Amino acid sequence: MTQLDKHPGGEPVHGEGDGHDSHLPVADEPIANPGLPEHTWRPTDVDEDAAKRAERQVSTLFGLSAVFTVLFVVAYFAIEIGDSWDTFGGLGASTLALGMCLGIALILIGVGIIQWARKLMADHEIVEMRHPSRSSDEDRAATVEALNTGLEESGIARRPLIRRSLLGAVAILPLPAVIMLRDLGPTPGQVANAEEGTGLEHTLWGVRPEVRVVRDVIGTPIRPTDIEVGDLVNGIPDGLLDLEGVELQVAKAKAAVILVKMEPDDIKSSQGEDWIVDGVLCFSKICSHVGCPISLYERTTHHVLCPCHQSTFDLSDSAKVIFGPAGRPLPQLPLKLDDAGYLVAQSDFQQPVGPSYWSREK
Amino acid sequence: MTVDTSKVADSNTTAATLKKPGKAGAVATWADDRLGLGTAMKKNLRKVFPDHWSFMLGEIALWSFVVLLLSGVFLTLWYVPSMGEVEYQGSYDPMRGVEMSEALSSTLRLSFDVRGGLLMRQMHHWAAMIFIAAMMIHMLRVYFTGAFRKPRELNWVIGVLLLFLGTLEGFTGYSLPDDLLSGTGIRAADGFLKATPVVGSYMSFFLFGGEFPGESIIPRLYIVHVLLIPGLLLGLIAAHMLLLVYHKHTQWPGPGRTEQNVVGYPMLPVYAAKAGGFFFIVFGICAVMGGLLTINPVWKYGPYDPTKVTAGSQPDWYMGWPDGLLRIIPGWESVIGGYTISWNVMIPILIMPPLMLMIVLLLPFIEGWITKDKRDHHLLQRPRDHPTRTALMVSLMTFYGLAWAAGGNDIIAIKLHLSINQITYFMRVMIFLGPLIAFIITRRWCISLQRHDKDKLLHGYETGVIMRSPEGGYSERHLPISSTEAYRLTARDRDEVFTADPDRVDANGVAAPGGRLDGVRAKLSTLMFADNVQKPTAAELEEARHHAEHEHALTASLDGHAADGHQFDGHQSIEGKPLRGDH
């Protein structure tokens, strides 16, 4: 293949009237293809000593690899794990030794093989001709012929009743596959239960009147005087800690709240009348964007920031969104004091907590 | 050639002679008697693959996938895909006595009580990162060199699907330990599902088996991660490889390399050795990384708790760009007819990634439609030789990069002491402007490089030798480039702008269908190739050569005296050397 015409070595295959002007001579290649450059010999091709040297290099690499494989086995049995998980710079001695031995053993084999290929295997470039991806015209014609014969013999074109009823039957056949997925989980409606605080619209705050706000983790009730102005306290509903496992996680994922106390003068607005007790406000901790627990509180500005996507809410102004992607304020929990002087919820949240969903306003 | 090469026995140019079959032959005969592989293997054992470093990128992806399979199987022997609650009692002291899911507890056991377990976990995670990164870079290589053109469009589609599935596979994988960081990711995924119009809350309840987090998500993600997606990946990789073999690899144009041939080394032994050796190297590098570089230290995060989160929570890097869009989107949410539509989640997560996927999938078809080029292409193009294509991908990359950077806006703010609000506002503007600017710059840059190529062809390369004419003017000496280099620069097609034929009618004198679309196509084609520099014609080249000879004749008297600068640098004697112009 030395002569090139038209485009680099190609006979342009033009469809008819495809807009490419195939009449004008394209054959204006400035430089003819000089053809494959001559093969040059490597030192290892012509010098027996060089070849021997390369051979020794390659087998040394393979031999070293075996040494590291043995070292791997030794390290596996010799080095204790467990307590020694940060022996070297925070790395476990075993992990480090095993990784290095395995890695080096593998790399040495790889380098050895490639060295072998580069230095000793024949390096003549070979030319192979391409063939068009399409099949030949005869094959195409024969295939189309066979296809038509088959279709003709089936009579699918002549019998629309069969064709249509089959198409219809097959079209609805995926139904079982889809409906069988129905029992993957209950629907939101089936789960919704105000008494148990389950479902998208209910939390543990509504399971009985006057649920106490208790401190997260330790579960002690809170008096307004326990909180200093500027403090943020993580709260949960009383009774949450009696739950276990999945119930605990589900309830916690909705009911977690933050309590903040501010000077009454600093409070610009609240989501409800008389929801605040002695400057203590209570908001859902679950971000209204995609549900991360918000946690970074700036006490002087009363801004709270979600660390996931940086939505920022002004707690002194009904938790309005002042920055970031959240679309709605954090729901506020109406507070009051019970007879013993502890903070309790007047009722459940007045709106669903957490991320938005289609029928949220319904 | 003066060296004696007659003793070189392993030359692969000598014709194969029928010899007595050796051991390999005996095995082959046994197999062929039963499988009849001889016919297929006859061609393929010595199949030719062209050589270029960039053809190795896809190989990295392939081999890291093998590492993923091997290390993944090891992990499944200990990992327990269960959200059942247990109290951790393993070796890792800070977590002892903490209630956690069996998933996390078994992950900790793998990390601290199974020898080599942490190594395998880290190798698996690093190999996953390499897998996806290599797929992306391989995709860019294929796009920038035009290797996606006919007949390889379907292989492009398979490749894009592989990248998409690989990303999903990564997400399901890093969610499995059920630690605080990955749990936060799953919580966000719950928010994404709920934002889906109409069926969102149902989808969430079905996926989680009830309310978030439930106890089904980990076992479900597990089976998706170890069976469903790997099965699809394996099938698609097999198809990708088969098509590669069928089409034969593309090659760079050069002396002797044409659209009709493929020049390179045979599969057996050279490519089998190089590719096989490279597998060991990729495997080895994963092992070294797994041993040296801590990744995803779940023991530091602790078990998932829906009320806890760490600052700087981020997904793995390949999920970063939708997360970035999710951070910079304004808080748009509308209630229409009583139903809530969360644009602030839908646009970044439910619309943009699928849209991006569709755009990338369709790139070969869009270009093919505009050029209406129906030829097979096996020679690669340099990125500069298709400025609009290159600019389009750079523009997409810029969008990706900005969105990705926005996914780390909190880290950028902390490390660079910037305001997170200002970074976010900046990104909101740049996500639109950046790709536009990148497009324009890249396109003009490519065209400038094309001009440079043409200059080199016509006037030679810049030698750096400054000549002073008798009149006192200065000029730089240009010398012709080598014929190999010159051929390589001209071995490309001239751009063919599609022109619509307004009078195109069919046999009955009726305007041919698609006539209106042809107008659009012609406009786009004109825009696409506008300002491109075509290679010189033979006549132009001849004229330039003529001109150069003339110049040469004028300056010939100076030849042999040209100063390369070293004459007078004190490193050699200048005694007796004639000074330039001293003639």
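Keep in mind that this is a model prediction, so the values were computed, not measured. (Residues numbered from 1 in each chain as written. Chains lettered and ligands numbered in written order. Predicted model: local features only at pLDDT ≥ 70, side-chain atom pairs only at ≥ 80, totals over all residues.)

Student: Got a sec to walk through the overall build of chain A? Specific residues and values, please.
Tutor: Each helix and strand counted, chain A has eight helices and 11 strands in total. Taking 2.2 N^0.38 as the reference for a compact globule, 362 residues should give roughly 21 Å; the C-alpha atoms of chain A span a radius of gyration of 38 Å, well beyond that estimate. Along the longest, intermediate and shortest principal axes, the C-alpha atoms of chain A span 100 × 75 × 45 Å. Within chain A, the fraction of its 362 residues that count as buried is 36%. (Helix = DSSP H or I, 4+ residues; strand = E, 2+ residues; numbered from the N terminus. Rg over C-alpha atoms; globule rule 2.2 N^0.38 Å. Buried ≥ 20, exposed ≤ 12 C-beta atoms within 10 Å, placed from the backbone.)

Student: Before we move on, can you summarise the sheet that holds strand S1 (residues 126-129) of chain A with the specific residues and values?
Tutor: Taken together, the three strands give an open sheet; going across it, the order is S1(A)-S4(B)-S1(B), and neighbouring strands pair in antiparallel fashion. If you trace the sheet from one side to the other, it starts and ends with S1 of chain A together with strand S1 (48-49) of chain B, each paired once. Helix H10 (residues 267-292) of chain B contacts S1 and strand S4 (261-266) of chain B of the sheet and is inclined by roughly 75° relative to S4 of chain B. (Pairing = 2+ DSSP bridges. Contact = placed C-beta atoms within 7 Å. Axes fitted to C-alpha atoms, helices over the stretch in contact; angles between N-to-C directions.)

Student: Break down the interface of chain B and chain A for me, citing the residues and quoting the values.
Tutor: Contacts between the two partners involve 125 residues from chain B, matched on the other side by 108 residues from chain A. With 17 residues, H10 of chain B is the largest single contributor of residues to the side of chain B that touches chain A. Residues that form the side of chain B that touches chain A fall into these classes: 57 nonpolar, 41 polar and 27 charged. As paired elements, S1 of chain A and S4 of chain B share four bridges and run antiparallel to each other. Looking across to S4 of chain B, one finds that Ile126 of chain A is bridged to Gly264 of chain B. (Nonpolar A, V, L, I, M, F, W, Y, C, P; charged D, E, K, R; others polar.)

Student: Before we move on, could you go through the domain arrangement of chain A and cite the residues and values that matter?
Tutor: For chain A, the assigned domains read domain 1 (5-184) and domain 2 (204-345). Taken over C-alpha atoms, the centre of domain 1 of chain A sits 57 Å from the centre of domain 2 of chain A. (Domains from an automatic or database assignment.)

Student: Explain the UniProt feature "transmembrane region" (unreviewed entry) in chain B to me, using residue names and the numbers behind them.
Tutor: Residues and elements named next belong to chain B. In this structure's numbering, the residues bearing the UniProt feature "transmembrane region" (unreviewed entry) are residues 60-80, 126-144, 156-176, 222-246, 277-299, 345-366, 387-405 and 425-446. End C-alpha to end C-alpha, residues 156-176 measures 31 Å, and it is 95% helix and 0% strand. Span residues 345-366 is 100% helix and 0% strand, its end C-alpha atoms 29 Å apart. (UniProt positions renumbered as here; feature names shortened; annotations may be inferred.)

Student: Outline the UniProt feature "domain: Cytochrome b/b6 N-terminal region profile" (unreviewed entry) in chain B, listing residues and values.
Tutor: Cross-referencing UniProt, the feature "domain: Cytochrome b/b6 N-terminal region profile" (unreviewed entry) maps to residues 27-253 of chain B in the present numbering. Note that residues 27-253 of chain B is 67% helix and 4% strand, and that its end C-alpha atoms are spaced 40 Å apart.

Student: Which residues make up helix H6 (residues 153-175) of chain B, and what values do they have?
Tutor: Residue and element names in this part refer to chain B. The terminal C-alpha atoms of H6 lie 34 Å apart, and with 23 residues this matches the ideal 33 Å at 1.5 Å per residue to within 8%. What H6 keeps buried is the set Asn155, Trp156, Gly159, Val160, Leu162, Gly166, Glu169, Gly170, Phe171, Gly173, Tyr174 and Ser175. Buried residues belonging to H6 abut helix H5 (117-144), helix H7 (180-194), helix H9 (217-247) and helix H13 (343-371). (Expected span 1.5 Å × (residues − 1).)

Student: I'd like a description of the UniProt feature "domain: Rieske" (unreviewed entry) in chain A, backed by residues and values.
Tutor: The UniProt record marks residues 278-344 of chain A with the feature "domain: Rieske" (unreviewed entry), using the residue numbering of this structure. Between the C-alpha atoms that bound residues 278-344 of chain A there is a distance of 13 Å. The span itself is 0% helix and 34% strand.

Student: Break down the environment of Val58 of chain A for me, citing the residues and quoting the values.
Tutor: Residues and elements named next belong to chain A. Along the polypeptide, Val58 turns up in helix H2 (residues 48-78). Along the sequence, Val58 and Gln115 sit 57 residues apart, while their C-alpha atoms lie 6.5 Å from each other. Those residues in contact with Val58, other than ones at most four positions away along the chain, are Gly112, Gln115 and Trp116.

Student: Can you explain the sheet that holds strand S8 (residues 312-314) of chain A? Please cite residues and give values.
Tutor: Residues and elements named next belong to chain A. The antiparallel open sheet is built from four strands, whose spatial order is S6-S7-S8-S9. Of all strands in the sheet, those with a lone pairing partner are strand S6 (296-298) and strand S9 (320-323), marking the two edges. When strand polarity is set aside, the average angle formed by the axes of neighbouring strands in this sheet is 30°. Where S6 and strand S7 (residues 303-305) come together, three bridges link them in antiparallel fashion. Paired with Glu298 across the two strands is His303, which belongs to S7.

Student: Break down helix H16 (residues 420-459) of chain B for me, citing the residues and quoting the values.
Tutor: Helical periodicity: at 3.6 residues per turn, an α-helix aligns residues three or four positions apart in one direction. All names here are of chain B. Residue Met430 marks the point of greatest curvature in H16, where the axis turns by about 45°. Three or more residues of H16 are buried, namely Ile423, Thr424, Met427, Pro435, Ala438, Phe439, Thr442, Arg443, Cys446, Gln450, Asp453 and Leu457. Following H16 by one or two positions, Gly460 has its phi on the positive side, about 85°. (Bend = angle between axes of the 7 residues up to and from the residue.)

Student: Describe the pairing of S9 of chain A, and please don't skip the residues or the numbers.
Tutor: Residues and elements named next belong to chain A. Sheet analysis places S8 next to S9, joined by three bridges and oriented antiparallel. When the bridges of S9 are listed, Asp314 appears paired with Lys320. Following S8, the chain reverses through five residues before pairing antiparallel with S9; Ser318 in that reversal takes a positive phi of roughly 60°.

Student: Talk me through the environment of His386 of chain B; I want residue IDs and the actual numbers.
Tutor: Residues and elements named next belong to chain B. Tracing the chain through its elements places His386 in the loop between H13 and helix H14 (387-406). We classify His386 as buried; it has 24 C-beta atoms within 10 Å. Each C-alpha atom, one on His386 and one on Phe529, is 7.9 Å from the other, the two residues being 143 residues apart in sequence. If near-sequence neighbours (up to four positions away) are discounted, His386 is found in contact with Gly146 and Gln381.

Student: Mind laying out the environment of Asp518 of chain B, listing which residues take part and the relevant values?
Tutor: On the secondary structure map, Asp518 of chain B appears in helix H18 (residues 515-529). On a C-alpha basis, the gap between Asp518 of chain B and Lys372 of chain B in space is 9.9 Å, while along the polypeptide they are 146 residues apart.

Student: So what's going on with the UniProt feature "transmembrane region" (unreviewed entry) in chain A? Which residues, and what values?
Tutor: Residue and element names in this part refer to chain A. Feature annotation in UniProt assigns "transmembrane region" (unreviewed entry) to the following positions: residues 61-79 and 91-114. The distance from the first to the last C-alpha atom of residues 61-79 is 26 Å, and the span holds 95% helix and 0% strand. For residues 91-114, the end-to-end C-alpha separation is 32 Å, with 92% helix and 0% strand making up the annotated structure.

Student: Now, about the confidence of the model for chain A: what can you tell me, with residues and values included?
Tutor: In the predicted model, chain A carries a mean pLDDT of 89, and 90% of its residues have values of at least 70. Here residues 1-26 of chain A scores under 50 on pLDDT; set against residues more than four positions off or in separate chains, the count is 52 contacts. (pLDDT = per-residue confidence, 0-100.)

Student: Tell me what's going on with the nonpolar core, and back it up with residues and numbers.
Tutor: Core analysis: the largest hydrophobic core is formed by 171 residues, its most contacted members being Cys101 of chain A together with Phe131, Val282 and Cys286 of chain B. It is helix H3 (residues 93-119) of chain A that provides the largest number of residues to this core, a total of 17 residues. Residues lining this core come from more than one domain, with at least three contributed by each of domain 1 (5-184) and domain 2 (204-345) of chain A. Residues within four places of Cys286 of chain B in sequence aside, it is in contact with Ser64, Val67, Met123, Trp126, Ala127 and Ile130 of chain B. (Core = buried A, V, L, I, M, F, W, Y, C linked by C-beta atoms within 7 Å.)

Student: Explain unusual backbone geometry to me, using residue names and the numbers behind them.
Tutor: A cis geometry characterises the amide bond from Phe212 of chain B onward to Pro213 of chain B, with omega recorded as -5°. Relative to the helices and strands, Pro213 of chain B is located in the loop between helix H8 (200-208) and H9. Residue Pro269 of chain B follows Leu268 of chain B across a cis peptide bond; omega there is 10°. Looking at the secondary structure, you find Pro269 of chain B in helix H10. The backbone of Glu210 of chain A shows a phi angle near 55°, a positive value even though the residue is not glycine. Of note, Glu210 of chain A is situated in the loop between helix H7 (188-191) and strand S2 (213-215).

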